[in-house]
Amino acid sequence: MKDEGPPDVLSRRLGYLLKHAYLAMAAEMEAALAPFRLLPRELGVMAVIAASPEQPSQLEIAARLEVDRTTMVGVIDSLESKGYVERHRSDRDRRRNVVTLTPAGRVCLTEADEARERVERDFVAPLDEESAAALSEALLTLHLSRTGAARARLTATAPCTGPAPDAPAPRPTPEHPPRPPEHSA
């Protein structure tokens with residue numbers, strides 16, 4: 001029954017399709033990274049560390065990945081226990097604690113990233129090259145539109161819940177003129 005695809009009523013629902021595509025890719029990615037003793041999130045953290053122009057702190061990595069501090073401590077602890085990263089004082093500012101890849105971490109990152117690329121390539125193989133690139137670009141656009149101020153604006157104007165208690169009032173637009181104040185009787 002799994003080969004039949006989604007029920008017709010759900011076959012055009014973006015949330016349903018994104019969820020199931022994500023679940024399938026996550027399972028394939030976890031299997032591909034298992035030989036490296038890595039979870040996809042850990043590989044992402046290692047990639048951010050490697051790509052940082054300066055040695056990043058745990059807080060900076062957490063901010064870049066939009067992960068809370070407690071979660072980031074757990075990820076760094078796990079990577080450190082595997083010998084892939086180390087924490088130490090910054091070479092430039094002795095007041096800062098930074099996270100760097102170990103030599104074993106650099107080798108692991110290179111090899112695990114090749115496995116990640118294979119999974120992603122295989123995952124989008126049913127699409128032509130142009131469609132695969134368009135999918136990545138569209139997902140990036142959606143992600144960026146939901147970060148920072150854009151996310152706060154969406155949360156503040158959710159139609160079923162009204163504005164969040166501490167959210168600024170939305171600015172009037174032609175589509176959404178200002179509402180008169182509500183008076184209680």
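Shown above is the structure to which this text applies.
Residues numbered from 1 in each chain as written. Predicted model: local features only at pLDDT ≥ 70, side-chain atom pairs only at ≥ 80, totals over all residues. Heavy atoms only, no water.

Trainee: I keep staring at the pattern of salt bridges and nothing clicks. Help me out?
Mentor: Opposite charge on two side chains makes pairing possible when the charged atoms of those side chains draw close. This model, assessed by the stated rule, comprises nine salt bridges. Among the salt bridges present, the one from Glu 117 reaches Arg 116, with a minimum N-O distance of 3.6 Å. Overall, the relative accessible area of 38% leaves Glu 117 in the partly exposed class. Its salt-bridge partner being Glu 120, residue Arg 116 comes within 2.8 Å of it at the nearest N-O pair. In this pair, Arg 116 and Glu 120 are both assigned in helix H5 (residues 103-123), four residues apart and thus about one turn of the helix distant. Salt bridges sharing partners connect three or more residues here, namely Asp 113, Arg 116, Glu 117 and Glu 120. (Salt bridge = Lys/Arg side-chain N within 4 Å of Asp/Glu carboxyl O. Buried < 20%, exposed > 50% of the residue type's maximum accessible area, 1.4 Å probe, protein only. Helix = DSSP H or I, 4+ residues; strand = E, 2+ residues; numbered from the N terminus.)

Trainee: Whenever I open this one, the side chain of Glu 42 confuses me. Can you help?
Mentor: One can find Glu 42 in helix H2 (residues 40-51). Its relative accessible area of 3% is what places Glu 42 among the buried residues. In this structure the side chain of Glu 42 is engaged in a polar contact, spanning 2.8 Å, whose partner is the backbone nitrogen of Leu 39. At a separation of 2.5 Å, a polar atom in the side chain of Glu 42 contacts the side chain of Ser 78. Sequence-distant contacts of Glu 42, that is, excluding residues within four places in its chain, are made with Arg 37, Val 75, Ser 78, Leu 79 and Lys 82. (Polar contact = N/O pair within 3.5 Å; in protein donor to acceptor, adjacent residues only side chain to side chain. Contact = heavy atoms within 4.5 Å.)

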